[in-house]
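Structural characterization, general
Listed here are the chains, written in short residue letters.
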Amino acid sequence: METEPSPGPAAGNNHKRRKHRAGRTSARHKVGLMPGSLVYVGEHHEQAASISVFDFDATTHRLIEAVRPEDVFAFRDSATTSWIRVVGVHDVAVIEKIGSHFQIHPLTLEDALNTTVRPRFEDSGSYLSVVAKSIGYDPETRALSTRQVSVVWGRGWVISFEEGGQSAFGPIQERIEKTIPRQRMINPDYLAYALVDLIVDHYFLVFEAIGDQIEEIEDSLVQNEERDRLSDILALKRVLATIRKAVWPVRETVSMLERSESALIKPETRIYIRDLYEHSLQVLDTIETSRDMASGLLDIYLTSVSNRMNAVMKVLTIIATIFIPLGFLAGVFGMNFDREISPFNMPELGMKYGYILFWVIVVVLGGGLVWWFRRKRWL
Amino acid sequence: METEPSPGPAAGNNHKRRKHRAGRTSARHKVGLMPGSLVYVGEHHEQAASISVFDFDATTHRLIEAVRPEDVFAFRDSATTSWIRVVGVHDVAVIEKIGSHFQIHPLTLEDALNTTVRPRFEDSGSYLSVVAKSIGYDPETRALSTRQVSVVWGRGWVISFEEGGQSAFGPIQERIEKTIPRQRMINPDYLAYALVDLIVDHYFLVFEAIGDQIEEIEDSLVQNEERDRLSDILALKRVLATIRKAVWPVRETVSMLERSESALIKPETRIYIRDLYEHSLQVLDTIETSRDMASGLLDIYLTSVSNRMNAVMKVLTIIATIFIPLGFLAGVFGMNFDREISPFNMPELGMKYGYILFWVIVVVLGGGLVWWFRRKRWL
Amino acid sequence: METEPSPGPAAGNNHKRRKHRAGRTSARHKVGLMPGSLVYVGEHHEQAASISVFDFDATTHRLIEAVRPEDVFAFRDSATTSWIRVVGVHDVAVIEKIGSHFQIHPLTLEDALNTTVRPRFEDSGSYLSVVAKSIGYDPETRALSTRQVSVVWGRGWVISFEEGGQSAFGPIQERIEKTIPRQRMINPDYLAYALVDLIVDHYFLVFEAIGDQIEEIEDSLVQNEERDRLSDILALKRVLATIRKAVWPVRETVSMLERSESALIKPETRIYIRDLYEHSLQVLDTIETSRDMASGLLDIYLTSVSNRMNAVMKVLTIIATIFIPLGFLAGVFGMNFDREISPFNMPELGMKYGYILFWVIVVVLGGGLVWWFRRKRWL
Amino acid sequence: METEPSPGPAAGNNHKRRKHRAGRTSARHKVGLMPGSLVYVGEHHEQAASISVFDFDATTHRLIEAVRPEDVFAFRDSATTSWIRVVGVHDVAVIEKIGSHFQIHPLTLEDALNTTVRPRFEDSGSYLSVVAKSIGYDPETRALSTRQVSVVWGRGWVISFEEGGQSAFGPIQERIEKTIPRQRMINPDYLAYALVDLIVDHYFLVFEAIGDQIEEIEDSLVQNEERDRLSDILALKRVLATIRKAVWPVRETVSMLERSESALIKPETRIYIRDLYEHSLQVLDTIETSRDMASGLLDIYLTSVSNRMNAVMKVLTIIATIFIPLGFLAGVFGMNFDREISPFNMPELGMKYGYILFWVIVVVLGGGLVWWFRRKRWL
Amino acid sequence: METEPSPGPAAGNNHKRRKHRAGRTSARHKVGLMPGSLVYVGEHHEQAASISVFDFDATTHRLIEAVRPEDVFAFRDSATTSWIRVVGVHDVAVIEKIGSHFQIHPLTLEDALNTTVRPRFEDSGSYLSVVAKSIGYDPETRALSTRQVSVVWGRGWVISFEEGGQSAFGPIQERIEKTIPRQRMINPDYLAYALVDLIVDHYFLVFEAIGDQIEEIEDSLVQNEERDRLSDILALKRVLATIRKAVWPVRETVSMLERSESALIKPETRIYIRDLYEHSLQVLDTIETSRDMASGLLDIYLTSVSNRMNAVMKVLTIIATIFIPLGFLAGVFGMNFDREISPFNMPELGMKYGYILFWVIVVVLGGGLVWWFRRKRWL
């Protein structure tokens, strides 16, 4: 599970991000290896991979948990539909054992192990495979987590590979258990479809959370709250860029699945895949709209900065416009022209009500300017 | 009916939006359910679904209102053309009963119930279906309402599903009643076309209203009115983003309808569908133009903010440029150089007309600057 | 003829635009009508439609003006090539009569009557039709006029429908009259091509005028003329948006005409249509370049606003930087420290040349700052 | 040859551009003429068209200069490869004579004469033709010159039409002369390819010059030179827009040439045309990169304006922040509170070292602010 | 190897770049030459080309270093797989010798020699060739180096041409040596694939380094560090533009390789090429994301300039708002109204605690403003 933390409250942030990266095997370690070499690329996980088998037919089902890789071999050719769930793709040996028994091409396994590959569909003749990204988003910490999921299915079996952590496929198992008799579900292609559909459905939850955040920031900017939202906006944009990279190829993947002429896809499942395709189109719509709006946020931010600067300028201008002329006036009456030499020199200073007159002028001038500013809506 | 209120006069707005959302069943409740499970996703409605049947042939017609779902079963195989109008798709039981009798696939019904799906066309062999969004816009409150509409038709029957509220299809019924004899209209495909065409025609009314608002805001910005239009602009952009999401797939939908080779579309109707396709292209043109113009508004807004700041700066500069030098002059004549020690010290203070000369300088200097500002068009 | 006046010198403008709109039948009146209902949508015209027939073969020609609709019926099946020119599509009755005799589909007629439809090509088997927009532009008033033109042609006849006003097709008639013998022109398809080509050729005149205006505004902005060009820029952008909507579909229209396999297009005409297609590509090139440049204008405008604000700031800074320190100095020498108590208190005031020294300092300091500003190119 | 002068040092510029235009026959004169009418559209040229024939086979070659149109007729059916070079397409009569003998369609000739047409390829069965634009750029005057070039070739002959001025094809002739034996070159299609390739190769020289200018302006902006580069940037953008219009269709032209199935293109030449196609892709890459960078320049310019304004503001703020408080202090000590009434009134004025203390305060306060500004890197 | 140094710390930079260019043979020298003429276009290299042959079959391998061109001839028809590595394409004679023996078309060799050509794939029947760009990036100096690599392969042989310098293909050789038995690798197509795959894998390392720099700059901007990052941002954008030009066509190249129906590509290799294609899609994703983010940097930079200007304005406003009114007050009490004439004239000056009161007013007023600024979060 690859967690991309959002840039938090400034300093130290950069440091953390770098440190975080150090914790995972980067693509760097893979360059120069033979294609098809099985190497896990992703975050480091301590616990071992967990394998469970959910085996069912139209009316019965059984769950076998925590099995060894060898134990699943029997299910390849069983009459029932067998769903082999592998959680923890960092366990290369396990993946390799299962893969070779089910005759899965090393490149397909490599994709399952490498958490940086793009979502994709592959038709290998004897099995089909889909790589997808499940995403989760915590609105509080703005942490985005992407988990790579691969679904491989052949005649009578489905294998799902997930990155370590909590499996995302609990609801599917529950649904199978509850539905009796199971018409559609006993087809491996329908099960595979249901797994991918669940992942796509989850996207909308994430988009909803992000949409809420975009609106919250926009409102805060329009209401000219003083809080600086720049880092929030950039964090959102980064989250959206990451989501887009993970989610964008999903349409193509599903489209290839839809157009596939493999006998492993039953005619009655095709209408569901067509539906899934429509969902993936909607995903693209939504993500583009979100990106548009997030891009717009920066414009609005700039606007709000301009507006604030405008407000600052107005305060300065009001103060200066009122007091600089009045200051000049006070300066005039502080001049030392020799009143004794001539009555033309500063006669105001000798007037009985001169000082009071000065204040009257001050109040009238100042008040007039305030009135003028009010009329111009500067105050 | 999903109403997206525009951000009103600032505060409280955000709160309202959130509250509003709580009132509808979100996509959140659907994640993890089996595809094809019939669950209504949309705003909550109290009243029950209303079903009516409008049954007609070339010369006669009859309207049966407020019928029970079971009552419409007979119309499936009647010789006449039967238009079954269901208003209120939140009533899942009703939809399910009708759907199963008319052998409509659960996925098609699910689309009719889920007000968040994209417009789409589907050819299921025995029937065709179109999902579309009818939109309404109140320029006063800037409230946009989108209503989901599904039209399903087979041999001799048309079923229209609408979200609860006022039906949008009154005019079509009136037209059918008035036209005698009805050549084209007795074809279900023509009726379905007419329903979709009405929805598309309504788009132009909304675009016209929005175009007027864009022009009004633009004029207000160019004339440098003091009112702050930022929230208006953002509201408009949000409305346009919502419309775009609802309306954008309509071209594709109609294009698929046009290219469909289903026997359920008569040759004589095809020319109308071609026409509808041209309309939907025009919808896209118009919406893109509107979006361009709305995007331009933000630029113009920023420009007007800059212009206003410029105006503020000019006032400040004029005041400071006139009074700071004059203030310096007054300061000079307020200095206390000892005139008695030397005649070189501030002889002006002892001149007979010194003070008058001072005011002459003030007036000449100030007037000169005012003249200069006028020449530079700052005043 | 739909004239879109540009936003003139601010106020009153908005009012005019709205009033103008009231004078035309809006799309609003058409919503809810049966498709194929003939309703004129466009500006109101008082005068009746004028119909003329220009009938010619390889060597002879005759012009019959101001005929009644019934008079043109005979030309449908005549051996000569007959060009029926209808100016004034608001006259629905006339259009309907002619249309029904020439067996033109109501939808085609509806397009000819509705001045808001997009340019399009239609192949109806027995006739072909093209809808296009002729545009005119008055650089002085920045008024853009668009006139809808439809050309319908079959075996031996061409009907052109134009919006009321001055016909745009005079030059074509003159050319036919002058050319003897007429090889190509006696084909209706060549005549139709020539009509559309004339419309497209006119576009370039409009683009040339607009290009000149863009350059004029750009020059005015770069030379920092004080005139505010914002409303000019916005007017130009609006004009270009309107043109684009009218002209953009022309490429598609001509492309469909080119690819049409109708027997109504002779092989020898195809090379001309191919040429017309190249022209329409050039139209798109030109309009996109114009739009780019007009968009650039707003950036340049913002730049020039920034530059002007910069200039204002410099004046303020120069004045303040020179006079605030000098004012401080004058203030110092206006202080009342008691010189009698101690010789350390303001000894300058008692110096013989103190005041002169003060002025020397003022001149040196002020001059130095002026020199510094000159070196920084602020002055 | 159409020279688009760049906007020079402001005034008079606009005037020149307009005057320049007057010197050429505009598209305006062509509107309303019959398509296929041969009219020269372009800059006015005084000198007559010059025609030369370069006739060669695998081992021999001869050059016949300054021939009359009639003299080239014989070369149409000669066994050798004949390259007829016409420089000066404004000479309509000459073009017409040659064209009619070689059975070139009037529309093809029209394209050769009209210097405003887009680059294009045409396959007319008996001959092929390519219209292209040769561009030249003078970095000093920023003058862009575009010359229209048409190459028409059939079995055994190639005709090149160039706008008046210096021919661009000298190098090709030299190469043919030098290469013996000539395997590929004796094919007219290879010669035509070489001519077009030369034009495309020249584009890169122009792009290199423009790239240098972009970098020079960018450096000058980043280093905050005081020179105003706005008009330079706009001139570059205008040059790029003109180039783009001339060069953009070249990819499509070459692509059509590549896909052409004409027997006039020999299989061994196809690999060269494929190579030319790759070059034309690179042209598009380069021009888009240049446009991106030129667009970026305006952003950088705005940034540099902002930076300069920031610098101005800092000077103002530093001066005001230091001297306004000091000025206040001087003002305080200039107050006239009656010290004789009470010892609380301005005791500082009566202190022995009061004045010195004042200056100490001034120096400490001012120095402290300077230190603070330095720490904030404002100084 | 073409190194594009980033704009360093301002001056001298431009000079360096120009000087650097002088050291390479520019495209300029190629214009006017016959296509297929072998001319090296790229940076000047002193050392001679080094040729080595790595010859292997399923179990054995041998490396022959520093051979003469003639020595490799024998490997063309050997039973083993021979990888001929040429490092230093500037040595035209060598390339020509090898090329002519292996019957490689001059145009293919020309592409290998010309370091400015776009990446491309070519199927010449008897051999396939891929031109690609290997890129390296030094984050410290921000120097980007691109090396042109061509891979040509036929039945049993692979020739790789690299620009002079250190070969990039060491890891591949090591892998071949270590893998025994070699099933896939003995196919020349697989070897060619592995070479191209290595180049593409390296791209991700460069993207990672650039991504880190983008984040570092973004953080520095958001935290409002005083360092000016403009030149850093522009350097990054230039680096990305260069990368994009080198890397963009790689998708198309690999796509053509994938779709190629040449017998030189074995079925078992196709799945690897499909994988390579997915990688190249990911390259495009990544580069577009990087470009987006780099473009965003300029916006953020502008924002940070605005923010800084805002900060400056606030300082100015705070100082002016506090001290200008206080200065006015001091000015008032420095006026010389004649107190002896009337008790109304400036009675404050005669009050016992007048001066203390003045300071109280100053402190209260100043303190109040400071409090107000704090509440507005200006301080």
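Residues numbered from 1 in each chain as written. Chains lettered and ligands numbered in written order. Predicted model: local features only at pLDDT ≥ 70, side-chain atom pairs only at ≥ 80, totals over all residues. Heavy atoms only, no water.

This next bit is on the domain arrangement of chain A. Here the domain parsing of chain A yields domain 1 (23-304) and domain 2 (312-375). Domain 1 of chain A and domain 2 of chain A are separated by 76 Å when their C-alpha centres are compared. (Domains from an automatic or database assignment.)

With that settled, the discussion passes to the packing of aromatic side chains. Residue and element names in this part refer to chain C. Counted by the stated rule, this structure contains 95 aromatic pairs over all chains. When the centroid spacing of 5.1 Å and the interplanar angle of 90 degrees are considered together, the rings of Y190 and Y272 count as edge-to-face. Taken together, the positions of Y190 in helix α5 (residues 188-222) and Y272 in helix α8 (residues 267-332) put the pair 82 residues apart, joining distant regions of the chain. We note that Y190, like Y272, is buried. (Phe/Tyr/Trp six-rings, centres within 6.5 Å; stacked < 30°, edge-to-face > 60°. Helix = DSSP H or I, 4+ residues; strand = E, 2+ residues; numbered from the N terminus. Buried < 20%, exposed > 50% of the residue type's maximum accessible area, 1.4 Å probe, protein only.)

Attention now goes to the interface of chain A and chain B. Counting residues at the interface gives 66 residues for chain A, matched by 69 residues for chain B. A per-residue breakdown of the area chain A buries against chain B is headed by F328(A), F337(A) and F344(A), which together make up 11% of the total. Taken together, the connections running from chain A to chain B amount to seven salt bridges. Across the salt bridge formed by R118(B) and E278(A), the nearest N and O atoms sit 4.0 Å from each other. Taken together, chain A and chain B are joined by 16 residue pairs in polar contact (both at pLDDT 80 or more). Elements with a minimum of two residues in the side of chain A that touches chain B: α4 (170-178), α5 (188-222) and α8 (267-332) of chain A. (Contact = heavy atoms within 4.5 Å. Buried area = accessible area lost by both parts, 1.4 Å probe. Salt bridge = Lys/Arg side-chain N within 4 Å of Asp/Glu carboxyl O. Polar contact = N/O pair within 3.5 Å; in protein donor to acceptor, adjacent residues only side chain to side chain.)

Right, let's get into the pairing of strand β7 (residues 143-154) of chain B. Residues and elements named next belong to chain B. The buried count for β7 comes to twelve of twelve residues, which makes it a mostly enclosed element. The two faces of β7 match: A143, S145, R147, V149, V151 and W153 on one face and L144, T146, Q148, S150, V152 and G154 on the other face are all buried. In the sheet, strand β6 (residues 128-138) pairs with β7 via eleven bridges, with the strands oriented antiparallel. Opposite K133, over in β7, you have Q148 as the bridge partner. A loop of four residues connects β6 with β7, the two strands running antiparallel in sequence, and R142 in this loop sits at a positive phi of about 55 degrees. Bridge analysis of β7 against strand β8 (residues 157-162) gives six bridges, and the strand direction is antiparallel. The residue bridging G154 from the neighbouring strand is W157, located in β8. Taking the residues that link successive antiparallel strands as the turn, the β7-β8 hairpin has two residues, and the phi of G156 there is positive, at about 90 degrees. (Pairing = 2+ DSSP bridges.)

For the rest of this paragraph, the subject is the relation of the copies chain A and chain B. Aligned on chain B, chain A shows an RMSD of 0.1 Å; the corresponding rotation is 72 degrees and the shift along the axis is 0.0 Å. Interpreted geometrically, this transformation is the action of a five-fold axis. Considering only C-alpha atoms, the residue of chain A closest to the rotation axis is G334(A), which sits at 4.7 Å. An overlap of only 14% is found between the interface residues of chain A and their copies at the interface of chain B, pointing to separate contact surfaces. (Least-squares fit on C-alpha atoms with pLDDT ≥ 70 in both.)

Turning our eyes to something else, we now look at the pattern of salt bridges. Going through the model one piece at a time under the given rule, you end up with 102 salt bridges over all chains. Within the structure, one salt-bridge network assembled from shared partners comprises D111(A), R118(A), R120(A), E258(E), R274(E), D275(E), E278(E) and D285(E).

Further remarks concern the confidence of the model for chain A. All names here are of chain A. With 90% of its residues at a pLDDT of 70 or more, chain A has an overall mean of 84. Mean pLDDT per element in chain A: helix α1 (residues 13-22) is the minimum at 42, and strand β8 (residues 157-162) is the maximum at 93. Long-range and interchain partners of residues 1-25, a stretch whose pLDDT sits below 50, account for 58 contacts in this model, where long-range means more than four residues apart. As scored by the predictor, the complex reaches a pTM of 0.81 and an ipTM of 0.75. (pLDDT = per-residue confidence, 0-100.)

The partner chain B presents 66 residues to the 70 residues of chain C that form the contact. Here chain C meets chain B over a buried area of about 6100 Å², counting both sides, of which 63% is carbon and sulfur. Between chain C and chain B we count seven salt bridges in total. A salt bridge links D285(B) to R118(C); the nearest nitrogen and oxygen atoms lie 3.0 Å apart. At the boundary of chain C and chain B, one finds 16 residue pairs in polar contact (both at pLDDT 80 or more). The biggest single contributor to the side of chain C that touches chain B is α8(C), with 17 residues. Across the side of chain C that touches chain B, the residue classes break down as 38 nonpolar, twelve polar and 20 charged. (Nonpolar A, V, L, I, M, F, W, Y, C, P; charged D, E, K, R; others polar.)

All names here are of chain D. Running from amino to carboxyl end, helix α5 (residues 188-222) crosses helix α6 (residues 230-247) at an angle of 155 degrees, the nearest separation of the two axes being 11 Å. As far as their axial angle goes, α6 and α5 are roughly antiparallel. Remark: the crossing between α5 and α6 carries left-handed chirality. Residues Y203, V206, F207, I210, Q213, I214, I217 and L221 of α5 lie in contact with α6, whose contacting residues are D232, I233, L236, V239, L240, I243 and V247. Looking at side-chain class alone, the contact of α5 with α6 contains 13 nonpolar, one polar and one charged residues. (Axes fitted to C-alpha atoms, helices over the stretch in contact; angles between N-to-C directions. Parallel < 35°, antiparallel > 145°, perpendicular 65-115°, else oblique. Left-handed = near helix turned anticlockwise from the far one by under 90°.)

We now examine helix α3 (residues 106-113) of chain D. Residues spaced three or four apart along an α-helix point in a common direction, a consequence of the helix completing one turn every 3.6 residues. Where burial is concerned, most of α3(D) is hidden: seven out of the eight residues are buried. Looking only at α3(D), the buried set comprises L107(D), T108(D), L109(D), E110(D), D111(D), A112(D) and L113(D). Packed against the buried residues of α3(D) are α8 of chain C together with α2 (92-101), β5 (120-123), β6 (128-138), β7 (143-154) and β8 (157-162) of chain D.

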